[in-house]
Amino acid sequence: MTEQVISRSSSQEAVIQKDAKYVMQNYGRQPLVLESGDGCIVRDIDGREYIDCVAGIAVNNVGHSHPKLVEAIKKQAEKLMHVSNLYYTVPQAELAEKLVKITGMSRIFFCNSGTEAVEAAMKLARVKTGKTDFVAVEHAFHGRTMGALSLTYKEMYRTPFKPLVQEEKFVPCNDAEAIANAITDKTAAVIIEPIQGEGGINIHSDAYLKEVRRICDETGTLLIFDEVQTGFGRTGKWFCKEHFGVEPDIMTMAKAMGGGFPMGAIAAREGIAFERGQHAATFGGSPLACAAALASIDIIEKEDLLRHATEMGDYFMSRLKDISLNGVVEVRGRGLMIGVELDRKCADIVDFALKNGVLLNCTSEKVLRIAPPLVITKEQIDSVVAVLEQA
Ligand SMILES: *Cc1c(COP(=O)(O)O)cnc(C)c1O
């Protein structure tokens, strides 16, 4: 494969200039202006195609602009988009029922993003326990609003915004004893991503999560699983917790929930729920968002994407382990949530892949994150591996 010559076209350059002038420059973006997509492919405004192994950060699980998702959004938009939670709607009630079924939890609260889901989980834990504090794990990422930010590990994200909701209390990954030691009579909940996403695809062990569950039960501490990134088939199960056989008291979800339509939620077990007036969101669970989520869940079921994600994930990881990539420390993951840890920063590989028609993302600096739409094919995986082989 020869490297595509990428000179930024003047049309892309114009958009990038406009962004530079009018948008707050808080993002480090790739020099790429995207316009359309379908399945696992996205196209830039010059018509160049890319295999998308980012999926809008584990969001487009059913692929870009899936016809059934588009149709469901169109149909609902024509009927009713938003009414607030002063009223009931059919899509919200139906989605809640469906989510209870696939999460195995008891009740749902709807919001609009991952960080909002974490805020809701924190408020629910505080109001149900009467306690104030939280224990989180090193390298955790739970979001950027003040509450969620206090549970996010990266100093760079946190320090400039202090004081936060609490003093930091982070314990090492896979260390149950550290959690036992960190819990005090003020601890409302422990929050864990069963597999850390932003932190570098770090997988917690079965034994650890089981032990954390036991410690939480023993101390009357709630256990929150942050499944914002791992949910909706990303790891080959509806939710990552199924891999571990451990049930949380509260779980968060967002990213892939609406198939690309922004939406978030928490689910909680029997006996743990907000009471009237304790929390609210104007847009939470709008008929439009719920129609998108229902369609997205339906696609995952009808196209058997949980099985497909498992098979493609295994294939992807075995191919990645086969090739002799320079400086690979470890290939790890579950389903299509894959990390390739390198012994150096991976920004140059991301650049090379982009020039060769593959979108990749680098998380935690040294870990290439591979999180394509779950509809990715073997042939597309082979093309991605071929590009990585050259990198
Ligand atoms: C992305 C993410 C969040 C934050 O979600 P936003 O929608 O960006 O606010 C929270 N937790 C986890 C595990 C995430 O991956």
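Report follows, based on the coordinates. (Residues numbered from 1 in each chain as written. Predicted model: local features only at pLDDT ≥ 70, side-chain atom pairs only at ≥ 80, totals over all residues. Heavy atoms only, no water.)

This next bit is on the state of the cysteines. Counted according to the given criterion, the structure contains one disulfide. A sulfur-sulfur separation of 2.3 Å characterises the disulfide bridge that pairs cysteine 346 with cysteine 362. Of note, the bridge from cysteine 346 to cysteine 362 carries an S-S torsion of about 95° and is right-handed in sense. You can see cysteine 346 sitting in the loop between β14 (337–342) and α13 (347–355) and its partner cysteine 362 sitting in strand β16 (residues 361–363), a full 16 residues away along the chain. Its relative accessible area of 0% is what places cysteine 346 among the buried residues. What makes cysteine 362 partly exposed here is its relative accessible area of 24%. Cysteine cysteine 240 shares no disulfide, and the gap to the nearest cysteine sulfur, in cysteine 173, comes to 13 Å. Cysteine 290 carries a free sulfur, and the closest cysteine sulfur to it, the one in cysteine 111, is 11 Å from it. Here cysteine 290 falls in the buried class, since its relative accessible area comes to 0%. (Disulfide = S-S within 2.5 Å. Helix = DSSP H or I, 4+ residues; strand = E, 2+ residues; numbered from the N terminus. Buried < 20%, exposed > 50% of the residue type's maximum accessible area, 1.4 Å probe, protein only.)

All right, on to the sheet that holds strand β1 (residues 34–38) then. The pairing of strands in a sheet comes from backbone hydrogen bonds and takes either a parallel or an antiparallel form. On the basis of which strands lie adjacent, the open sheet formed by four strands has the order β1-β2-β3-β15 and mixed pairing. Bordering the open sheet on either side are β1 and β15 (358–359), each of which pairs with just one other strand. As paired strands, strand β2 (residues 41–44) and strand β3 (residues 49–52) are joined by three bridges and run antiparallel to one another. Among the inter-strand pairings, valine 42 is bridged to a residue of β3, identified as tyrosine 50. (Pairing = 2+ DSSP bridges.)

On to the packing of helix α12 (residues 305–322) against helix α14 (residues 378–390). With their axes 10 Å apart at the nearest point, α12 and α14 run at an angle of 25° to one another. By the angle class used here, α12 and α14 are roughly parallel. The way α12 lies across α14 gives a crossing that is right-handed. Judged by residue contacts, Met312, Tyr315, Phe316, Arg319 and Leu320 of α12 engage Lys378, Ile381, Asp382, Val384, Val385 and Leu388 from α14. In terms of residue class, the contact of α12 with α14 is made up of eight nonpolar, no polar and three charged. (Axes fitted to C-alpha atoms, helices over the stretch in contact; angles between N-to-C directions. Parallel < 35°, antiparallel > 145°, perpendicular 65-115°, else oblique. Left-handed = near helix turned anticlockwise from the far one by under 90°. Contact = heavy atoms within 4.5 Å. Nonpolar A, V, L, I, M, F, W, Y, C, P; charged D, E, K, R; others polar.)

None of the figures reported here should be taken as evidence of function without further support.
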